[in-house]
Amino acid sequence: MNRWLKHILVIISFMMLWQLVFWWGIYPTASFPSVFHIFRALWMEFTQGDLSRQLLITLWTITKGVGVGALLAVILAFVWRKKGIVGDMIATMVSVAHPLPGIALLPLLILWFGIGERVIVVMIVHAVVWPMLINIKAGLDNMPVIYHQIADVFSLSSKTRIFEIALPSSLPFMLSGLKTGWARAWRAMIAGEMVFGVIGQSGGLGTYLFQKRVFMDTPGLLAGLLVIIAMGIFVEEFFFSFLENSTIKRWGMGQ
Amino acid sequence: MKAMVANNKILWLCLSLMVLAGGCTVGTQSHDDKELQIAEQFGLAYAPLVVIKEKSMMQDHGVQVEWIQLNNASAIREAMLSSHLDIGFMGIPPYLIGKDNDMGWEVFTGLTKAELALVSNNEDINALTDIERQDRIILPQPGSIQHILLAMAAEKEFGDAQYFDEQLLSMSHPDGLQALKNSKDPVLLFTAPPYVAMALQEPKFQKVLTGVDAFGGPFTFIVGVASETAWREKKSQIDIFQTVLREAILWMEQYPEDAADLLAPYYQITHQEMMNYLQSGELVYALDVQGMERFQEFMLQVGYIKKEEALR
Amino acid sequence: MKVLMQWSSLSIGYDKKPLVENLDLIIRSPEILCVVGETGIGKSTLLRFIAGLQEKERLSGTVTEVNQIRKAMVFQETDQIFPWKRVLSNVMIGMSKTTENLSQAKAILRELGIEDKKDAYPYTLSGGQKQRVAIARALMRKPDLLLMDEPFGSLDVQNRKKNQEILRQLFWHHELSVVFVTHDLQEAIDLGDRILLLKNPGHHQYYEVTDKNRQLLLPQLLSEMRI
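Position labels on residues start from 1 in each chain and follow its written sequence. Key to labels: chains lettered from A, ligands numbered from 1, both in the order written. The predicted origin of the model limits local features to residues at a pLDDT of at least 70 and limits the giving and counting of side-chain atom pairs to 80 or more, whereas totals for whole chains, interfaces and linings rest on all residues. Where side-chain values are given, they derive from all heavy atoms of the structure, hydrogens and water being excluded.

> Would you take a moment to explain the overall build of chain C for this structure?
A run of H or I in DSSP becomes a helix once it reaches four residues, and a run of E becomes a strand once it reaches two; helices and strands are each numbered from the N terminus. Along the backbone of chain C there are seven helices and nine strands. Considering only C-alpha atoms, chain C reaches an extent of 50 × 35 × 35 Å along its principal axes. Residue burial is assigned from relative accessible area. The probe radius is 1.4 Å, only protein chains are included, and a residue is buried under 20% of its type maximum, exposed over 50%, and partly exposed in between. Each of the 227 residues in chain C was classed as buried or not, and the buried ones make up 51%. Restricting the contact set of chain C to residue pairs at least 6 apart, pairs at least 24 apart contribute 71%. Accessibility throughout is a Shrake-Rupley quantity obtained with a 1.4 Å probe, and a residue counts as covered only by protein chains that appear here. Entry remark: accessible area of chain C is about 10700 Å², with carbon and sulfur atoms responsible for 48%. Looking at chain C, you have 31 positive and 28 negative side-chain charges, and the mean spots of the two groups are 4 Å apart. Contacts: residue pairs with any heavy atoms within 4.5 Å of one another. Positive charges come from Lys and Arg alone, negative charges from Asp and Glu alone, with His and the N- and C-terminal ends not counted. Think of each charge as sitting on NZ of Lys, CZ of Arg, CG of Asp or CD of Glu.

Written out as structure tokens, the structure is:
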């Protein structure tokens, strides 16, 4: 509770500062609007504009990308652990692809996948799959030897081995991979849209910022940034906490 | 311990205040009275600027120029707002949007008139009415001259200026051309020379709409805009720039071969290709500004700008 | 007395260097056979080999299993219980959730005195309770042969005594064959019907535990180990 109070205190003092600078008047209003304008813009965008829809589209698109990316990462991680040429290929792929920013791939992705939502999803998958893959692989590698022996002694089926032992056992690693993946997906989506500017029905928050920028709606732009910040805090503080509390913390698997 | 936390907070507040206020001072102090900061964009429409730059024509008049490469009108607008830029070039609509948001900038010259066109990659799409709901229309960005021209045509055709707004896609001209060539689905591109001609080289590509049709007459594609501070503090430099620009355009007309020699390496094309562009008539470099009122009326009517007083 | 499995002149070890050499091993049904010996002598290797975990390490010898026998194993480590599964699911792992299996699992937990913990997560259990969950999981498979690798090694004296007692009762009830590895000679004497003492490769010795020799066995084993 105290922590929240501190957060709120810092936010309020920052807003007061902002307003002071605004009143000081050293910046043109067009580039430095007042706090009230920003919050009015936020209210208007949510009630009359498209912001809530664009927020939902952003979250839905990221969910799709993260879902596909996570699934792909799990499959690749198991393949990676198989010794031999395929495993080596995946290892090479990871070291080549992981440091590559999705934005740099965008022109190529447009050539391959055309234009529209698909490209953004592919970019998010790229953003998510490599950190998750590395983490899941680490999780599988770090699985206690005894789990393998138990599975062997009790002649457990591959299905049981994968879903009831290997995956839950590497869950702490998966969750930290998911956190990195989420952060990267969130950036990729917004950056991708801001550069690429999908407008209209498939537009998300990045498109929103892009439109606010070209039509010079600075309060609207800042309102969008507030939404992005709030969303980041929400996901970090509530969503991931919830995931952890209902899994690894509940099981006493503190890493 | 409590006291330390409080101290830290005060420190943070002071720091943030400094950061918030800091940008401004840096911005204004970097100005040098003798110097002019000009934004250039990449494209044939800006060729006279390249001539001025390559031939150091401003320096001959004793004015130092800092050329800044920016990609779009939004970036130019932002640079001007932060007092990092004196002169920029853009379409009339982005200029009007800035004006509508209380920017004190003013147009001081025209630069280019051009044959803009909406091109489809599908032989079945020859007119606006052939465009389906799911077909994507690529243009540089919303609020650009291409966007407003499309809105004008949509208003004429369907009585709804925002008819196509849900299917727009923002890309630079070269990226857009690539997308057009590589997409199997029907895609359209609203673009400018030389990309119009480059696109129409493809056998299946069709010209769907021209800028002149949409506007209902000729209009200036690119105008030169000077910031409020530049008007106030660098009036003489702006005057010199206008003279130099006229000289540059005249020189290009009188010595097209020399101009092509100068420009071809800059645009990384052959001398002959450059000559073709200069003489095709698709691009006309001219100092007068045409079509300002019509753009203002239309944008006000549709709501892309809101303030009556932007109309002068 | 039935013979469950029988091996003749078995040698096992790593890199051709035998840990256990020329061992004749008969496991009867039912019985508790305790394997003792110093650390590193090959007790665990032998047990894991019987479990089928270390087939590779066999160097020579013949194995005769009377029938295809079902084996189950209990390890020393208390983290052999999966923390993400409640006690009942841990016991049921890999088995279909039929009512029959469920009621059997509950019955076994009751026998082991941890029925009230069936919905608890493992981290809430004591070490002794965790080991009993592991035993329950092994018993769920209705094993012919239960292999135990120092299952009570990490428990305190009180918990160890309690678990030994429970194991003894289970043994009578289920008529199990148990191979029980321990480094604790007293535990072996308390639990075992027979004791196999591993000394050096090629040197090992069996002892029958009877009510008569129970008192004398400890000093005898101790002196044998020193030779």
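Structure shown, so let's carry the discussion forward.
> What am I meant to see in the interface of chain A and chain C here?
Accessible area lost upon the coming together of the parts serves often as the stated size of an interface. Taken together, the 17 residues of chain A in the interface contact 23 residues of chain C. Buried area is calculated as the accessible area (1.4 Å probe) missing from two parts once they are joined, with the contributions of both summed. Considering only the side of chain A, the residues that lose the most area to chain C are A:Val153, A:Phe154 and A:Trp251, jointly responsible for 33% of the buried surface there. Any carboxyl oxygen of Asp or Glu within 4 Å of a side-chain nitrogen of Lys or Arg constitutes a salt bridge here. Seen at the junction of chain A and chain C, the total is one salt bridge. Between C:Lys85 and A:Glu164 there is a salt bridge; the shortest N-O distance is 2.6 Å. N or O atoms closer than or at 3.5 Å make up a polar contact, with two conditions inside protein: a donor-capable atom paired with an acceptor-capable one, and, for residues adjacent in sequence, both atoms drawn from side chains. The interface formed by chain A and chain C includes three residue pairs in polar contact (both at pLDDT 80 or more). When residues of the side of chain A that touches chain C are traced back to their parent elements, those giving at least two are helix H7 (145-153) and helix H8 (158-169) of chain A. When residues of the side of chain A that touches chain C are assigned to their parent elements, the largest contribution, six residues, is made by H7(A).

> What exactly am I supposed to notice about the packing of helix H3 (residues 99-111) of chain C against helix H4 (residues 127-140) of chain C here?
Packed helix pairs are specified by the crossing angle of their axes together with the interaxial distance, meaning the distance between the axes. Residue and element names in this part refer to chain C. For the pair H3 and H4, interaxial distance at closest approach is 10 Å and the crossing angle is 140 degrees. Of the possible angle classes, the one that applies to H3 and H4 is oblique. Between H3 and H4 the crossing geometry is right-handed. The segment H3 lies against H4, with Asn101, Gln104, Ala105, Ile108 and Leu109 engaging Ala136, Leu139 and Met140. Where helices are involved, their axes are fitted lines through C-alpha atoms of the stretch in contact, as for all axes, and angles between N-to-C directions lie from 0 to 180°. Each angle receives one of four descriptions, namely roughly parallel if under 35 degrees, roughly antiparallel if over 145, roughly perpendicular if within 65 to 115, and oblique otherwise. Crossing chirality is assigned from the near helix's rotation relative to the far helix, an anticlockwise turn below a right angle marking it left-handed and a clockwise turn marking it right-handed.

> Explain the pattern of salt bridges to me, please; I cannot follow it from the model alone.
When charged atoms on two side chains of opposite charge get close, those side chains can pair. Residue and element names in this part refer to chain A. This structure, assessed with the given rule, holds 27 salt bridges over all chains. Here Glu244 ties to Lys179 by a salt bridge, and the two come within 3.1 Å at their closest N and O atoms. Highlighted residues: Glu244 in helix H11 (residues 218-246) and Lys179 in helix H9 (residues 171-196), separated in sequence by 65 residues. Look at Glu244 and you get buried, because its relative accessible area is 17%. By relative accessible area, which is 27% here, Lys179 ends up partly exposed.

> Please clarify how the sheet that holds strand S8 (residues 194-198) of chain C should be interpreted in this entry.
Two strands in a sheet stick together by hydrogen bonds in their backbones, pointing the same way (parallel) or opposite ways (antiparallel). Residues and elements named next belong to chain C. In short, DSSP must find at least two bridges between two strands for them to pair. The six strands lie next to each other as S5-S6-S7-S3-S8-S9, forming an open sheet whose pairing is mixed. This sheet does not close on itself; its edge strands, each paired only once, are strand S5 (71-74) and strand S9 (204-208). Pairs of neighbouring strands in the sheet enclose a mean axial angle of 20 degrees, with direction left out of account. Pairing geometry for strand S3 (residues 31-37) and strand S7 (residues 177-181), over five bridges, is parallel. Paired with Val35 across the two strands is Val181, which belongs to S7. Of the strands in this sheet, S3, strand S6 (145-149) and S7 touch helix H5 (residues 157-174), which is tilted by about 140 degrees from S3.

> Would you take a moment to explain the side chain of C:Thr182 for this structure?
All names here are of chain C. Assignment of secondary structure puts Thr182 in the loop between S7 and helix H6 (185-191). Residue class for Thr182 comes out buried when judged on its relative accessible area of 1%. Of the polar contacts made by the side chain of Thr182, one reaches the backbone nitrogen of Asp184; its length is 2.9 Å. A polar contact is formed between the side chain of Thr182 and the side chain of Glu187, at a distance of 2.7 Å. With sequence-adjacent residues up to four places away left out, Thr182 is seen in contact with Val35, Val36, Gly37, Lys43, Glu150, Glu187 and Ala188.

> Please explain the domain arrangement of chain C as it appears in this structure.
All names here are of chain C. Per the domain assignment, the segments making up chain C are domain 1 (2-70 + 143-226) and domain 2 (81-142). Facing the 16 residues of domain 1 at the interface are 11 residues of domain 2. Between domain 1 and domain 2, roughly 1200 Å² of surface is buried when both sides are summed, and carbon and sulfur atoms account for 64% of that area. Of all residues in domain 1, Pro143, Ile166 and Leu170 bury the most surface against domain 2, accounting for 34% of the area lost on that side. Linking domain 1 with domain 2 are zero salt bridges, by the criterion used here. The domain limits used here are those given by an automatic or database domain assignment.

> Please explain helix H5 (residues 92-100) of chain B as it appears in this structure.
In an α-helix there are 3.6 residues to a turn, and that puts residues three or four apart on one side. Most of H5(B) sits out of view: nine of its nine residues are buried. Among the residues of H5(B), those classed as buried are B:Ile92, B:Pro93, B:Pro94, B:Tyr95, B:Leu96, B:Ile97, B:Gly98, B:Lys99 and B:Asp100.

> In this structure, what is going on with the layout of surface pockets? I would like to understand it.
It is the rolling of a water-molecule-sized probe over the atoms that shows where space remains empty. In this analysis the probe radius is 1.4 Å and the grid spacing 1 Å, with only protein atoms considered; a cavity is a set of points the probe fits into but cannot get out of, a pocket is an open set with protein on both sides within 12 Å along at least five of seven lines, and lining residues have an atom within 4 Å of a point. Grid points are joined across faces, edges and corners, and a volume is the space filled by probe spheres set on the points. In this model, the largest pocket occupies a volume close to 1300 Å³. Surrounding the largest pocket, 39 residues form its lining, A:Glu45, A:Lys212, A:Phe215, A:Asp217 and B:Lys306 being those nearest its centre. Top contributing element to the lining of the largest pocket by residue count: helix H2 (residues 35-47) of chain A, with five residues. Amino acids are sorted into nonpolar (Ala, Val, Leu, Ile, Met, Phe, Trp, Tyr, Cys and Pro), charged (Asp, Glu, Lys and Arg) and polar (every other residue, Gly among them). Counted by class, the lining of the largest pocket contains 14 nonpolar, 13 polar and 12 charged residues. Three or more residues apiece are contributed to the lining of the largest pocket by two domains, here domain 1 (2-114 + 219-311) and domain 2 (117-215) of chain B. Lining the second largest pocket are 45 residues, and of these B:Asn71, B:Pro140, B:Met171, B:Ser172 and B:His173 sit closest to its centre. Listing elements by their share of the lining of the second largest pocket, those giving two or more residues are helix H5 (102-113), H9 and helix H10 (205-214) of chain A together with helix H4 (73-81), helix H6 (145-158) and helix H7 (173-182) of chain B. A class-by-class count of the residues in the lining of the second largest pocket yields 27 nonpolar, 15 polar and three charged. Per-domain counts for the lining of the second largest pocket show at least three residues from each of domain 1 (2-114 + 219-311) and domain 2 (117-215) of chain B.

> Is there a simple way to think about empty space enclosed by the protein in this case?
Residues and elements named next belong to chain C. Counted by the stated rule, this structure contains one cavity of 30 Å³ or more. Roughly 50 Å³ of internal volume is contained in the largest cavity. Residue lining of the largest cavity: Leu19, Val20, Glu21, Ile41, Leu198, Lys199, Asn200, Pro201, Gly202, His203 and His204, and that is the complete set. When residues in the lining of the largest cavity are grouped by element, the largest group, three residues, is from strand S2 (residues 17-29). Residues that form the lining of the largest cavity fall into these classes: five nonpolar, four polar and two charged.

> Help me understand the domain arrangement of chain B in this model?
All names here are of chain B. Each domain of chain B was delimited in the assignment, giving domain 1 (2-114 + 219-311) and domain 2 (117-215). Across the boundary between the two partners, domain 1 contributes 22 residues, which contact 22 residues of domain 2. Between domain 1 and domain 2 lies a buried interface of about 1800 Å² when both sides are counted; carbon and sulfur atoms form 73% of it. It is Phe219, Phe298 and Tyr304 that lose the most area in domain 1 upon contact with domain 2, and together they represent 31% of the buried surface on that side. Counting every contact that joins domain 1 to domain 2 gives zero salt bridges. If you look at where domain 1 meets domain 2, you find five residue pairs in polar contact (both at pLDDT 80 or more). Breaking the side of domain 1 that touches domain 2 down by element, the ones donating at least two residues are H5 and helix H14 (292-302). At six residues, H14 tops the list of elements feeding residues into the side of domain 1 that touches domain 2. Across the side of domain 1 that touches domain 2, the residue classes tally to 15 nonpolar, five polar and two charged.

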